[in-house]
Amino acid sequence: MFLTFASGKGIRRRDLDNMCRVRVLVVEDERKLAQVIASALQAEHYDVVVAPTGEDGFFRASAETFDLVVLDLMLPGRGGLEILQTLRKGHVQTPVLIVTARDGIEDRVLGLDLGADDYLVKPFALPELLARIRALLRRGRPSDILRLKAADLEVDLVARRALRNGRALDLTAREFELLEYLLRHQGHVVSREMLAHDVWKEPRRATPIDNVIDVQMARLRKKVDVEGHDRLIHTVRGVGFVLREGEP
């Protein structure tokens, strides 16, 4: 089973979640700081993995696929610069953002020369960290993976922005999540049970949330399927919803 992205290329459904999900590895031994960074990234809908030691960080960065690594330099076990140098020698080209208390010019130059893509000195403001991460993601990941498209509807997963015929749609966080989910399953019916489980994260709720889902879907449809444009979001009676060009 295949879906089509902005590039026009097909992709197997079983690979879809791993490709669309933006994964960030945070290698940081300061527990509170690691939690703050992870929470901020999760609030931006990134999939975050925290490694508290240099050894753990190096193992994960080598064995798993990430879109970006946030790397401290002063780590127990294996140091950040050693991790960076070894990854680059092993041809791991994942973008790396160094975050460290070392603020000397020589430290920055060394980190960049060893293969870091950016360098941020502690203490830093979270908005700046997030902005630098967004910039690196735009450079480090193909745009056809970070953008989902159907007809004249386009969603930017990094900027969290949706456009219809070039016009920005004013979506709430929940509406954006719904639209992203429908685009990921473009051309295939999604049930209310799937939405409750995957979007609302409530698989064991005692009472159904069908009415809540229907209300949110109606609001999303009003914003996406505006007058003068072909309908993209369709209700399949007794089954669920589908996003596709033309009637289902």
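To keep things clear, this report deals only with the structure shown in the data block. (Residues numbered from 1 in each chain as written. Predicted model: local features only at pLDDT ≥ 70, side-chain atom pairs only at ≥ 80, totals over all residues. Heavy atoms only, no water.)

### Examining unusual backbone geometry
The line we're drawing: Helix numbers and strand numbers start at the N terminus; a helix is a DSSP run of H or I with at least 4 residues, a strand a run of E with at least 2.
The step from K122 to P123 runs through a cis peptide bond, and the omega angle for that step is -10°. Among the structural elements, P123 can be located in the loop between strand 7 (118-121) and helix 6 (126-140). Residues other than glycine seldom take positive phi values, yet A151 does so here, at roughly 55°. Of note, A151 is situated in the loop between strand 8 (147-150) and strand 9 (153-156). Positive phi, close to 55°, is recorded for N165, a residue that is not glycine. Take N165: it is sitting in the loop between strand 10 (161-164) and strand 11 (167-168).

### A look at the nonpolar core
For the record, the criterion: Nonpolar cores are built from buried Ala, Val, Leu, Ile, Met, Phe, Trp, Tyr and Cys residues. Side-chain atoms within 4.5 Å join them into one set. Per-residue accessibility, obtained with a 1.4 Å probe over protein chains only, is compared with the maximum for each type, and a residue is labelled buried under 20%, exposed over 50%, and partly exposed between these values.
Core analysis: the biggest nonpolar cluster contains 28 residues, and L179, L195, L220 and L243 have the highest contact counts within it. Contributing elements (two or more residues each) for this core: strand 8, strand 9, helix 8 (173-184), helix 9 (192-198), helix 10 (210-224) and strand 14 (240-243). Among the elements that line this core, the one with the most residues is helix 8, at six residues. Formed by 22 residues, the second largest nonpolar core is a distinct cluster that contains V26, V70, V99 and L120.

### Some thoughts on the sheet that holds strand 12 (residues 190-191)
Rule in force here: At least two DSSP bridges between two strands are required for those strands to pair. Note on definitions: a residue-residue contact is assigned when non-hydrogen atoms from the two residues lie within 4.5 Å. Here an angle of 0 to 180 degrees is reported between the N-to-C directions of two axes, which are lines fitted to C-alpha atoms, with helices fitted over the stretch in contact.
One open sheet accounts for three strands, arranged 12-14-13; its pairing is antiparallel. Each edge of the sheet is formed by a strand with only one pairing partner; in this case those strands are strand 12 and strand 13 (233-236). Sheet analysis places strand 13 next to strand 14, joined by four bridges and oriented antiparallel. Along strand 14, the bridge assignment pairs V236 with G240. This element, helix 8, spans strand 12, strand 13 and strand 14 of the sheet and lies at about 75° to strand 14.

### Let's talk about the packing of helix 8 against helix 10
Filter applied, for reference: Small angles under 35 degrees read as roughly parallel and large ones over 145 as roughly antiparallel, with 65 to 115 read as roughly perpendicular and the rest as oblique. Classes in brief: Ala, Val, Leu, Ile, Met, Phe, Trp, Tyr, Cys and Pro nonpolar; Asp, Glu, Lys and Arg charged; the others, Gly included, polar.
Where helix 8 meets helix 10, the closest approach of the two axes is 10 Å, and the angle between their N-to-C directions is 80°. The orientation of helix 8 relative to helix 10 falls into the category roughly perpendicular. From helix 8, R174, E175, L178, L179 and L182 reach across to helix 10, where they touch Q216, M217, R219, L220, K223 and V224. Counted by class, the contact of helix 8 with helix 10 contains six nonpolar, one polar and four charged residues.

### Considerations on empty space enclosed by the protein
Worth spelling out the cut-off: Residues are said to line a cavity or pocket when one of their atoms sits within 4 Å of a point; the points come from a 1 Å grid over protein atoms alone, cavities being sets where a 1.4 Å probe fits but cannot get out and pockets being open sets with protein on both sides within 12 Å along at least five of seven lines. Grid points are joined across faces, edges and corners, and a volume is the space filled by probe spheres set on the points.
Overall, the coordinates contain one cavity of 30 Å³ or more when judged by the stated rule. Considered as a void within the structure, the largest cavity measures approximately 30 Å³ in volume. Around the largest cavity, the lining residues are L25, V27, G57, F58, A61, V69, L71, I83, L87 and V96. Elements represented by at least two residues in the lining of the largest cavity include exactly strand 3 (23-27), helix 3 (54-63), strand 5 (68-71) and helix 4 (80-89). A total of three residues in the lining of the largest cavity trace back to one element, the largest contributor, which is helix 3. When the residues that make up the lining of the largest cavity are grouped by side-chain class, the tally is nine nonpolar, one polar and no charged.

### Points about the environment of R102
Within the secondary structure layout, R102 lies in the loop between strand 6 (96-100) and helix 5 (105-113). C-alpha of R102 to C-alpha of M74: the two residues are 28 residues apart in sequence and 8.9 Å apart in space.

### What to know about the packing of aromatic side chains
Which entries qualify depends on this criterion: Pairs were defined over the aromatic rings of Phe, Tyr and Trp, the Trp ring being its six-membered one, requiring ring centres within 6.5 Å. Orientation was assigned from the angle between planes: stacked under 30 degrees, edge-to-face over 60, tilted for the rest. The criterion for a charge sitting over a ring is simple: Lys NZ or Arg CZ within 6 Å of the ring centre, and within 35 degrees of the ring normal.
Inspection of every chain in the model, using the stated rule, returns zero aromatic pairs. Positioned above the aromatic ring of F66, the side-chain terminus of R23 is 4.4 Å from the ring centre. Directly above the aromatic system of W200 lies the positively charged group of R174, at a separation of 4.6 Å from the ring centroid.

### Considerations on the sheet that holds strand 3
Taken in spatial order, the five strands line up as 4-3-5-6-7 in an open sheet, and their pairing is parallel. A single partner strand is all that each edge strand has here, and the edge strands are strand 4 (47-51) and strand 7. Each adjacent strand pair in this sheet contributes to an overall mean axis angle of 20°, direction not counted. Where strand 3 and strand 4 come together, five bridges link them in parallel fashion. Each residue of the ladder has a partner; that of V24, found in strand 4, is V48. Relative to strand 4, helix 2 (residues 31-43) is tilted by about 170°, and along the sheet it contacts strand 3 and strand 4.

In short, geometric facts, not functional conclusions.
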